[in-house]
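Close look at the chain arrangement
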Amino acid sequence: MIRIAAPALLSLLLLLPAPAHAATGPSWRAWDPGFQEAARLKRPVLVDVYTDWCGWCKRMDRDVYARADVRDYLAQRFVVVKLNAESPARVRWEGREMTSRALAARLGVTGYPNTTFLDAAGRKLGSVPGYVPAAQFLQVLRSVAEDQAGRAGRAGRTGAAR
C-alpha cells in the first residue's frame, strides 16, 4: 500500500501549480547574459545579491519583486540579474573571470539581501543593503533610473556639441 501511495502522491504534487510569486517576479538574467542585454539596451543593471538560506532574500522576492508596480518599473528601466553570493559559478566582471562568491566580495557585499546597481558597462553606481519595503524600493529605483537617464542625456548633448 505504501509503495502505491508514494508514486500517486508524487504525481499529484507535480500537477500542483507553482507558487504565484515564482511566476510573477521579474525576468531575471544570469550575470554574463544580463550585461550583454544591458549593453544592447543601454540600461543600468540591478543585481539582486542573495543566498539560498537567506530568509529576508526570500521575503524580498515575495513581497517586493513580485509586486506588479515594481516588476513593471524594472522591466521598463533596468536589466535585472540574480547573483548567488555563495555560488562557485564563473562570471566575468571588469575583464576578469571569477566565481560569483568572489564577485559579491569585490562588489563589497557583506550581508543579504543586497541590491547593487551598475551601469551598462559594469561600473558600480551604488548599493542598498538589506530588505527594503516595496514603496521605498520604488523610490530607490526611480532615483537610480532618473540619474542614469540624466547622465545619458547630458552625454548625448555633449557629443552633439562637438
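The structure we're discussing is the one just above.
Residues numbered from 1 in each chain as written. Predicted model: local features only at pLDDT ≥ 70, side-chain atom pairs only at ≥ 80, totals over all residues. Heavy atoms only, no water.

A word on the nonpolar core. The biggest cluster of nonpolar side chains holds 18 residues, and the ones touching the most others in it are Trp31, Val45, Leu83, Leu103, Leu107 and Leu118. Of all the elements in the fold, those that place two or more residues in this core are helix 3 (31-41), strand 1 (45-50), strand 2 (79-84), strand 3 (90-93) and helix 6 (100-106). With residues up to four places along the chain from it excluded, the contact list for Leu83 reads Trp31, Val47, Asp48, Val49, Tyr50, Ser100, Leu103, Ala104 and Leu107. Formed by 17 residues, the second largest nonpolar core is a distinct cluster that contains Val70, Phe117, Phe137 and Ala145. (Core = buried A, V, L, I, M, F, W, Y, C linked by side-chain atoms within 4.5 Å. Buried < 20%, exposed > 50% of the residue type's maximum accessible area, 1.4 Å probe, protein only. Helix = DSSP H or I, 4+ residues; strand = E, 2+ residues; numbered from the N terminus. Contact = heavy atoms within 4.5 Å.)

Take helix 5 (residues 68-77) next. Within the sequence span of helix 5, burial applies to Val70, Tyr73 and Leu74. In an axial view of helix 5, the angular spread of the buried residues amounts to 100°, which keeps them on one side of the axis. Projecting away from the buried face of helix 5 at angles above 90 degrees are the exposed residues Ala75 and Gln76. (Arc of directions from axis to C-beta.)

To continue, consider the pairing of strand 4 (residues 96-99). For strand 3 and strand 4, the ladder comprises four bridges, and the chain directions are antiparallel. Looking across to strand 4, one finds that Arg92 is bridged to Glu97. Between strand 3 and strand 4, which pair antiparallel and follow one another directly, the connecting turn spans two residues, one of which, Glu94, has a positive phi of 50°. (Pairing = 2+ DSSP bridges.)

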